[in-house]
Amino acid sequence: MTDLYAVIGHPIAHSKSPLIHEAFAKQTNQDMRYEPILGPLDGFEATVHDLIAKGYKGVNVTVPFKFEAFKFAKQPSKRAIFAGAANTLSFADEVRADNTDGAGLVRDIEGNLKVSIAAKSILLIGAGGAAEGVLQPLLEAKPKLLVIANRTLEKAQDMVKKVERQKSDSPTTLTGCTFADLQSQQFDIVINATSAGLTETALPIPNSLFAKNCLAYDMMYGRETPFMQQARQNGAQVADGLGMLVEQAAEAFYIWRGVRPETRTVIQQIRNLPKA
Ligand code: ATR
């Protein structure tokens, strides 16, 4: 019997996840189907119950349901607990939740872009759900310094406090600040986890931020954001979040199927799609 999976979000029509999982399934000979489902804004739980009743094996969860998905699950993983959000649910005897976003980011940076995080200085811009979802896996890659910069200082500080309650022997100096505090600092890796790119808004960050051979990574994909333009103009190597998207999907696929798909060709395949 064909195993059934889905991605639930609102909106969902733009999602590349069905194409990605279809490519993984073909490549690894898995008998499965994966479809997009538009979840009603007030009906996430009912949608999941319905899918479980129909025998689905698992779902990916995207905006705006990642927090609800986490609360819904009986068995959350460590990384889902840290993020307080889940993007992957598995339906076994109980509902298990995981968050593969951060692992996807780290794999893209280290595996695909060949930039090691260990002992580097990292700037994470943003302190919303996207930033929170990747913080723990970034710390596990053992940077020397990780600065969280956010427009609203308090949110960056809250993220730092949350980690400090949990970590014990991390080699990383972790601080929170606002954009004005970045004037005289340089970083090896700068990650944009804000939603500013959605509205084509430039971030008030200095041009001097990007160290020599800096990697500037925008978690958004699909177009060049003002952040990416600024980084490029200042000599950084620039990457968008498409690799992260495919890598987080690969990690979910591995959780469900126990097989790790090859991602490089799939990233290329999605990049070559005609623009919507
Ligand atoms: P997401 O789930 O995408 O992280 P979110 O939780 O709403 O969405 O968080 C959005 C992030 O982008 C926040 O860090 C937000 O900054 P504030 O915490 O100060 O609101 C940041 N952000 C959004 N628009 C921005 C802009 N124009 N300039 C700077 N930061 C922006």
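Residues numbered from 1 in each chain as written. Predicted model: local features only at pLDDT ≥ 70, side-chain atom pairs only at ≥ 80, totals over all residues. Heavy atoms only, no water.

**A closer look at the overall build of the chain**
Phase 1 of the analysis: Counting its regular elements, the chain contains 10 helices and 12 strands.
Phase 2 of the analysis: Rg of the C-alpha trace for the chain: 19 Å, near the compact-globule value of 19 Å for 276 residues, within the 12% margin.
Phase 3 of the analysis: Each of the 276 residues in the chain was classed as buried or not, and the buried ones make up 54%.
Phase 4 of the analysis: In the chain, the proportion of contacts linking residues at least 24 apart, taken out of those at least 6 apart, comes to 68%.
Phase 5 of the analysis: A total of about 13,000 Å² of accessible surface is found on the chain, and carbon and sulfur atoms cover 52% of it. (Helix = DSSP H or I, 4+ residues; strand = E, 2+ residues; numbered from the N terminus. Rg over C-alpha atoms; globule rule 2.2 N^0.38 Å. Buried < 20%, exposed > 50% of the residue type's maximum accessible area, 1.4 Å probe, protein only. Contact = heavy atoms within 4.5 Å. Areas by Shrake-Rupley, 256 points an atom, 1.4 Å probe, with all protein chains shown as cover.)

**Overview of the site of the ligand**
Phase 1 of the analysis: In the vicinity of the ligand lie 15 residues, with Ala130, Asn150, Arg151, Thr152 and Lys155 positioned nearest.
Phase 2 of the analysis: Measuring from an oxygen atom of the ligand, one finds a side-chain N or O atom of Thr152 at 2.4 Å.
Phase 3 of the analysis: Between the ligand and the protein, one listed contact pairs an oxygen atom with a side-chain N or O atom of Lys155 at 2.6 Å.
Phase 4 of the analysis: When the ligand is considered free in solution it has 650 Å² of accessible area, and contact with the protein chains removes 71% of it.
Phase 5 of the analysis: The residue makeup of the shell around the ligand, split by class, is five nonpolar, eight polar and two charged. (Near = heavy atom within 4 Å. Polar contact = N/O pair within 3.5 Å; in protein donor to acceptor, adjacent residues only side chain to side chain. Nonpolar A, V, L, I, M, F, W, Y, C, P; charged D, E, K, R; others polar.)

**Some details on the sheet that holds strand 12 (residues 237–239)**
Phase 1 of the analysis: Reading across the sheet, the six strands line up as 9-8-7-10-11-12 and stay open at both edges, with parallel pairing between neighbours. Looking at strand neighbours, the two that pair on one side only are strand 9 (173–177) and strand 12, the edges of this open sheet. Ignoring strand direction, the axes of neighbouring strands in this sheet form an average angle of 15°.
Phase 2 of the analysis: Of the strand pairs in this sheet, strand 11 (residues 210–218) and strand 12 are connected by three bridges, and their pairing is parallel. The partner of Ala216 across the bridge, within strand 12, is Val238.
Phase 3 of the analysis: Across the sheet, helix 5 (residues 101–112) lies against strand 10 (187–192) and strand 11, angled at about 140° from strand 11, the strand it touches most. (Pairing = 2+ DSSP bridges. Axes fitted to C-alpha atoms, helices over the stretch in contact; angles between N-to-C directions.)

**As for the packing of helix 1 (residues 17–28) against helix 10 (residues 264–271)**
Phase 1 of the analysis: Between helix 1 and helix 10, the shortest axis-to-axis distance is 10 Å and the interhelical angle comes to 140°. By the criterion of interaxial angle, the relationship of helix 1 to helix 10 is oblique. Here helix 1 and helix 10 pass one another in a crossing that is right-handed. Residue-level inspection shows Leu19, Ile20, Ala23, Phe24 and Gln27 of helix 1 in contact with helix 10, the latter providing Thr265, Val266, Gln269 and Ile270.
Phase 2 of the analysis: In terms of residue class, the contact of helix 1 with helix 10 is built from six nonpolar, three polar and no charged. (Parallel < 35°, antiparallel > 145°, perpendicular 65-115°, else oblique. Left-handed = near helix turned anticlockwise from the far one by under 90°.)

**Some words on the environment of Thr263**
Phase 1 of the analysis: Structurally, Thr263 is set in the loop between helix 9 (242–257) and helix 10.
Phase 2 of the analysis: For Thr263, a relative accessible area of 10% corresponds to the buried category.
Phase 3 of the analysis: Each C-alpha atom of the pair Thr263 and Tyr5 lies 19 Å from the other, and the pair is 258 residues apart in sequence.
Phase 4 of the analysis: Setting aside its immediate chain neighbours within four residues, Thr263 contacts Phe24, Asn112, Val246, Glu247 and Ala250.

**Describing the environment of Asp181**
Phase 1 of the analysis: Note that Asp181 resides in the loop between strand 9 and strand 10.
Phase 2 of the analysis: Once the C-alpha coordinates of Asp181 and Ala149 are considered, the two residues, 32 residues apart in sequence, prove to be 8.4 Å apart.

**Let's talk about the packing of helix 5 against helix 9**
Two measures define how a pair of helices packs: the angle their axes make with one another and the distance between the axes.
Phase 1 of the analysis: One can describe the packing of helix 5 onto helix 9 by two numbers: an axis separation of 7 Å at closest approach and a directional angle of 120°. Comparing their axes, helix 9 and helix 5 come out oblique. In terms of crossing hand, the pair formed by helix 5 and helix 9 is right-handed. Across the interface between the two elements, Asp101, Ala103, Gly104, Leu105, Arg107, Asp108 and Asn112 from helix 5 touch Gly243, Met244, Glu247, Gln248 and Glu251 from helix 9.
Phase 2 of the analysis: Among the residues making up the contact of helix 5 with helix 9, the classes are represented as three nonpolar, four polar and five charged.

Worth remembering: the numbers are spatial, not functional.
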